[in-house]
Amino acid sequence: MYGNFAVFEYFLPFIKEKMKVWILIGFFLICFFYSYYISPLGFQASIYRIRETINAIESINSIFLIPVLTFLIFYDNLSSDEDKEYLKSKPFARIKIFAIRWAAGLSIAFAIFLLLFFITIIEKIVFEMNLPEGKFVLVSIKHIILKPLFYTSIFSFVVMFLGILVQNEFFIFLISTGIWIISKKNVFLIIGAIGIFLMAKFSFQKMQIRKVSSKIPSTFVFIVFILILVSRFVKFLKIDSTMLFYILFEIVLPYIFSFICFGIFSIEKKNNLLERMVTIPGSLIYIFKERLRRAMVIWVILCIASLFLFQPIIRMNGYHLMMLCLTSNFLFWSGIYILLIGLEEFFGVLVSFLIFVSWLLPRVQRLIGNFSVYKYLNPFYLTYYHPLSGYLEKLTVGLIGVCLYFLGYMAIKRMDFINLENFKQRR
Amino acid sequence: MKNKVEKVELKGIRKSFKGGTVALNDINISFYADRGIIGILGPNGAGKTTLLRIVSTVLQPSGGEILINNKNLYEFGINKYRRRIGYLPQEFGVYRDLTPVQFLKRIGYLYGLKGNALENRVKFIIQMIDITDFMHKPLSDCSSGMIQRVGIAQSILSDPDFLILDEPLVGLDPVERIRIMNILTRLSREKIIIFSTHIVSAIESLCHSVIILKNGEVLADGVVDDLIHTIDGKVFETFVPDTEISAISEGYKVVKFRNEGKDVRLRIISENKTAIKGLKSLKKVKPTLEDFYVWKLRSI
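All figures in this text were calculated on a predicted structure; none of them were measured in a lab.

## As for the overall build of chain B
Here is step 1: Of regular secondary structure, chain B possesses 11 helices and 14 strands.
Here is step 2: Counting the 300 residues in chain B, one finds 38% classified as buried.
Here is step 3: The long-range share in chain B, meaning contacts at least 24 apart out of those at least 6 apart in sequence, stands at 70%.

See the structure below:
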């Protein structure tokens, strides 16, 4: 009886709530990086051989997939502000809620690992034009599903506990990733995690939540941290500098930088101010412009920082190309966010789908041959293979980004009414 | 003044949400200065918040028309209308890092006030709403009563003609409630005010008119005293033993009961005294809005 109640009352709504558009985009990017990394275009041309594939999977799991995925799924499982009063009113059900949310988070992680497994198998089929051998499938199940699930199940305690203690989500990411890097593949992780689990359980049960808050702009801290982390890792990766240039300046940095633009109305949403703001003529556009200006200043500072942090790669590929790729892809990615702010949910899903297709097509077009017009519209078009003739393509992508900004601006300006159903809060 | 909002009329307003829930169905009401403060009353889920969200242009109705000074909302100009209304949502939020003064300045700035005009207006509102004591205290440290007062302050910052307040009295202690009711009374001299609440006594003491909603439909709409007069001579009080309560509650419209010694004092509504059989020493009493409210809710 209680089991059914728990499933309908806590488990399913919780999973549904986790499926926000930006998290979906995050999950999509994880899939993208993953498939790229293990493909012949990525780490040591891995997909053709089992050992290399495992090395690639192990490598991406340890440096990227597990910490990022665990953070995305678990960081606010127990600690969102709206939730606090609700949890306080349920003293006897708290531990059950704790367990149900942990299980719900883990089931999302499992679904994603399963998806990555299928992506790996499909990539193998696409690139080799043959069904993969049984050993490859078994090894993939072990390294893509079982091991990551085991690590995630333990590491999630660390993230959830930090979520209870620390106010700022980016600090949670920073500290949890630090703990992960220090303790990965180490028996201390398991011992430490069990200890942390017990502490989390105790704190949660007693609701002794004393959050450490910070006045430093969290996005800024987050991105500086990522930049330093990535720049330190770069020299350990056995990929040539042109490939690194492509991954960093065409995909990773523009996408991370575009997050600056993501939270344009987040303060108003978080504080229940949007309903009031919409009745003040022009206020949304004013806030939009104000936040965009701030985002651009941060972006310029970070670009200058990356000039120093990634000197060796930039020197080999040229400053002008770096600036062009960084700018055009930044405009494209952040333009999508800007557009999503002003769009109805349906169109948001449609745009996400189109992005997904633009990721899929380069792989398909390798099989069916280039169809040339497409490359001008594709943000993932491989400049790597055309370092000298990629300018036109990148300029086009940049212009598409500018158009997305314009459309987003118009959509917000035209927004006479807001769809409050999109801003429902967790109970 | 040419742009002044003098009358807001809802004609055949309907609102349904995804999944087929009908929140409002064929609402025909109007708000104008002579109606004084207009209270919106109704049980949970009656459609009060949806109605106020539609009037404040937060939500788009699924059908019907909003007329401002006898002109369609779009013909009048949605932004022009918005400039002339003040709104306090039910779940009112603030920038928690700011102080009340900073918050009000921010809202004033969004309304286009600048420099001395903004300073003077904020100063005036702070004194009017009596938030001087905590004007420099971060909003994160303010009580819900203080935040509610800041909410009312921000809603009148632009000097609106039409004030829409969704549950302004919720969660307030009696002293704070009286303070806010006094503020509303003062404001009602020059503005049309509508507000929703569950507190029937607040509407009775504050409002000139009331609109009662149930299941998205208007049950009653009129002057408070006139509505109460419709049940004159239909409200009775009596004392009965504790053991008879459940039987009586099933047979009659019991508004409320209160333990007094060994017996229970019952308040009953009935068309006439003779319809109440078996109850002795019935005393006719003066009806209240609460009696009317319960009478209407149970009539359908």
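## Here's the deal with the interface of chain A and chain B
Here is step 1: Opposite the 17 residues of chain A that make contact, chain B presents 22 residues.
Here is step 2: Of all the secondary-structure elements, those providing two or more residues to the side of chain A that touches chain B are helix 12 (274-277) and helix 13 (283-309) of chain A.
Here is step 3: By residue class, the composition of the side of chain A that touches chain B is nine nonpolar, four polar and four charged.

## Considerations on helix 4 (residues 100-110) of chain B
Residues and elements named next belong to chain B.
Here is step 1: What helix 4 keeps buried is the set Pro-100, Phe-103, Leu-104, Ile-107 and Gly-108. Take helix 4 and look down its axis: the buried residues cluster within an arc of 135 degrees, on one side only.
Here is step 2: On its buried face, helix 4 is in contact with helix 5 (115-129) and helix 6 (144-156).
Here is step 3: Two residues or fewer past helix 4, Gly-112 is found with a positive phi of approximately 95 degrees.

## Quick notes on the confidence of the model for chain B
All names here are of chain B.
Here is step 1: Across chain B, pLDDT averages 86, with 95% of residues at or above 70.
Here is step 2: Taking the mean pLDDT of every element in chain B, the minimum, 70, falls on helix 10 (residues 245-251) and the maximum, 93, on strand 7 (residues 162-166).
Here is step 3: Interface confidence in the predicted complex, given as ipTM, is 0.83; pTM for the same model is 0.66.

## What to know about the packing of helix 5 of chain B against helix 6 of chain B
Residue and element names in this part refer to chain B.
Here is step 1: Where helix 5 meets helix 6, the closest approach of the two axes is 10 Å, and the angle between their N-to-C directions is 135 degrees. The pairing of helix 5 with helix 6 is recorded here as oblique in orientation. Classified by chirality, the crossing of helix 6 by helix 5 is right-handed. For the pair helix 5 and helix 6, the contacting residues are Ile-125, Ile-126 and Ile-129 in the first and Arg-149, Ile-152, Ala-153 and Ile-156 in the second.
Here is step 2: A class-by-class count of the residues in the contact of helix 5 with helix 6 yields six nonpolar, no polar and one charged.

Parameters and conventions
- Residues numbered from 1 in each chain as written.
- Chains lettered and ligands numbered in written order.
- Predicted model: local features only at pLDDT ≥ 70, side-chain atom pairs only at ≥ 80, totals over all residues.
- Helix = DSSP H or I, 4+ residues; strand = E, 2+ residues; numbered from the N terminus.
- Buried ≥ 20, exposed ≤ 12 C-beta atoms within 10 Å, placed from the backbone.
- Contact = placed C-beta atoms within 7 Å.
- Nonpolar A, V, L, I, M, F, W, Y, C, P; charged D, E, K, R; others polar.
- Arc of directions from axis to C-beta.
- pLDDT = per-residue confidence, 0-100.
- Axes fitted to C-alpha atoms, helices over the stretch in contact; angles between N-to-C directions.
- Parallel < 35°, antiparallel > 145°, perpendicular 65-115°, else oblique.
- Left-handed = near helix turned anticlockwise from the far one by under 90°.

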